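Structural overview
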Amino acid sequence: MNSNPSLSASPLIRLEAVSKTFTLPDGRAFEAVKSVSLDMAEGRVFGLIGKSGAGKSTLLRMINLLERPDAGRVLVDGRDLTQLSKRELRETRQGIGMIFQQFNLLQNASVYENVAFPLKLHGNRGRAAIEARVRECLEVVGLTEKIHNYPAQLSGGQKQRVAIARALAPHPKVLLCDEPTSALDTETTRSVLDTLREINQRLGVTIVIVTHELSVVHALCDHVAVLENGQLVERFDVDDHATPRVSTLGRELAQEQVREDILKEHAARIEAAGPTSQAA
Ligand SMILES: Nc1ncnc2c1ncn2[C@@H]1O[C@H](COP(=O)(O)OP(=O)(O)O)[C@@H](O)[C@H]1O
Ligand SMILES: [Mg+2]
């Protein structure tokens, strides 16, 4: 039996020693991602965490080759993306949806047009099929009644839901999320995370989420990789409490989990004792 997810026989996503160096405006080279290798198993929610500037977004954007690594390979569903022609890459990207902190909606297009956009772009579907798919996706995110509205008429949480529906429209296997809740308040964050969790569990979509918020990891992720200065410093299953964590963030996350567990236990005790015990 193989209980170690990093050794899974055929991961959905495999990054093999990927590196990326940027040239700064002053001409200096800056190594943003340093030979990172990571496997991500199908059907899971995978968190990429680290401080600002650690290389999280760059690494995430390598998974759909929005950022092309200078070295290494990117395998998704067994195909090496770095070897594909432009056309093959376009097709493969349909299986990899993406959402962003600032939603990136088309401002002059309605909710319907935004969600229909990727379907028309890769268009061999008829009008009726497109409309049916748009409605299906809006239902998943609970926004059917806003179908004729424009982004400016929506709250932040609703905009992110439109972006999620748009990403889901082409039936992706993977959903890449770059700080998807960082522009949202706590309550809206929770409901967007619930929607992502449901998309993972009900539709089986593998999720990779970049975040600097430990509460997001706690609420959503099965597995976490910690980045520091472009390097992978550790990875662990979120519910593995036995293996010691080596990074500061990993330890903070463990403490947060202990705190949450104590709170939950406390709440359960009060509930079990009945309403009168609270006064005692
Ligand atoms: N296109 C670029 N040109 C130059 N430097 C970049 C570029 N993109 C990212 N960087 C730098 O690479 C580092 C990692 O960036 P990023 O992956 O966005 O980090 P994170 O998402 O963890 O905050 C940062 O120091 C950032 O300034
Ligand atoms: Mg980032």
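Residues numbered from 1 in each chain as written. Chains lettered and ligands numbered in written order. Predicted model: local features only at pLDDT ≥ 70, side-chain atom pairs only at ≥ 80, totals over all residues. Heavy atoms only, no water.

Note that side chains of opposite charge can pair when their charged atoms are close. Within this structure, the stated rule accounts for 16 salt bridges. One salt bridge in this structure joins arginine 269 and glutamate 265, with 3.8 Å as the shortest N-O distance. Of this pair, arginine 269 and glutamate 265 are both found in helix α8 (residues 248-273), four residues apart, which corresponds to roughly one turn of the helix. Among the residues examined, arginine 269 registers a relative accessible area of 52% and is labelled exposed. (Salt bridge = Lys/Arg side-chain N within 4 Å of Asp/Glu carboxyl O. Helix = DSSP H or I, 4+ residues; strand = E, 2+ residues; numbered from the N terminus. Buried < 20%, exposed > 50% of the residue type's maximum accessible area, 1.4 Å probe, protein only.)

Turning our attention to a nonpolar patch on the surface. Taken together, the side chains of Leu106, Phe117 and Leu121 make up a nonpolar region of the molecular surface, amounting to roughly 280 Å² of accessible area. Within the element layout of this structure, leucine 121 appears in helix α3 (residues 111-121). Classification of leucine 121 by relative accessible area gives exposed; the value is 56%. (Patch = residues over 30% accessible without salt bridge, like charges linked within 9 Å, V, L, I, M, F, W, Y side chains within 5 Å. Areas by Shrake-Rupley, 256 points an atom, 1.4 Å probe, with all protein chains shown as cover.)

The α-helix advances 3.6 residues per turn, and as a result positions three or four apart in sequence lie on the same side. Here helix α6 (residues 186-203) contains 18 residues, and its C-alpha end-to-end distance of 25 Å stays within 8% of the 26 Å for a straight helix at 1.5 Å per residue. For α6, the complete set of buried residues consists of Thr189, Val192, Leu193, Thr195, Leu196, Arg197, Ile199 and Asn200. Two to three positions downstream of the cap, the backbone nitrogen of glutamate 187 sits 3.2 Å from a side-chain oxygen, assigning the N-cap of α6 to aspartate 185. At the C-terminal side of α6, glycine 204 shows a positive phi close to 70 degrees. (Expected span 1.5 Å × (residues − 1). Polar contact = N/O pair within 3.5 Å; in protein donor to acceptor, adjacent residues only side chain to side chain.)

The next subject is the environment of leucine 203. Relative to the helices and strands, leucine 203 resides in helix α6. Note: C-alpha distance between leucine 203 and leucine 168 (35 residues apart in sequence) is 9.9 Å.

Now for unusual backbone geometry. With phi around 45 degrees, alanine 17 is a residue other than glycine that occupies positive phi space. Turning to its location among the elements, alanine 17 is positioned in strand β1 (residues 13-23). The class of alanine 17 is partly exposed, set by a relative accessible area of 31%. The backbone of glutamate 179 shows a phi angle near 50 degrees, a positive value even though the residue is not glycine. Tracing the chain through its elements places glutamate 179 in the loop between β7 (174-178) and α6.

On to the confidence of the model for the chain. Looking at the chain as a whole, the pLDDT averages 92, with 95% of positions reaching at least 70. Across residues 1-7, confidence stays below pLDDT 50; counting only partners more than four residues off in sequence or on other chains, it has nine contacts. (pLDDT = per-residue confidence, 0-100. Contact = heavy atoms within 4.5 Å.)

A few words on helix α4 (residues 127-140). For α4, with 14 residues, the first-to-last C-alpha span of 20 Å sits near the 20 Å given by 1.5 Å per residue. Buried residues of α4: Ile130, Arg133, Val134, Cys137, Leu138 and Val140, and no others. Buried residues along α4 cover an arc of 150 degrees about the axis, so they all sit on one side. Away from its buried face, by an angle of more than 90 degrees, α4 presents the exposed residues Ala128 and Glu139. The inward-facing, buried residues of α4 contact α3, α5 (156-168) and α6. (Arc of directions from axis to C-beta.)

With respect to the helices, strands and loops of the structure, glutamate 234 is situated in strand β10 (residues 231-237). It turns out glutamate 234 is buried and unbridged, and the closest side chain with the opposite charge, arginine 245, is 5.6 Å from it. Looking at glutamate 234, its side chain comes within polar contact range of the main-chain nitrogen of valine 246, at 3.0 Å. A distance of 2.6 Å separates a polar atom in the side chain of glutamate 234 from a polar atom in the side chain of serine 247. If near-sequence neighbours (up to four positions away) are discounted, glutamate 234 is found in contact with Val224, Ala225, Val226, Pro244, Arg245, Val246, Ser247 and Gly250. (Lys, Arg positive; Asp, Glu negative; His and termini not counted.)

Around ligand 1, a shell composed of Phe22, Phe30, Ala32, Lys51, Ser52, Gly53, Ala54, Gly55, Lys56, Ser57 and Thr58 is seen. Contacts to ligand 1 include alanine 54, whose backbone N or O atom sits 3.1 Å from an oxygen atom. Serine 57 places a polar side-chain atom, nitrogen or oxygen, 2.8 Å from an oxygen atom of ligand 1. When ligand 1 sits alone it has 560 Å² of accessible area, and the protein chains cover 62% of it. Elements with a contribution of two residues or more to the shell around ligand 1: β2 (29-40) and α1 (56-62). For the shell around ligand 1, the residue count by class is four nonpolar, five polar and two charged. (Near = heavy atom within 4 Å. Nonpolar A, V, L, I, M, F, W, Y, C, P; charged D, E, K, R; others polar.)

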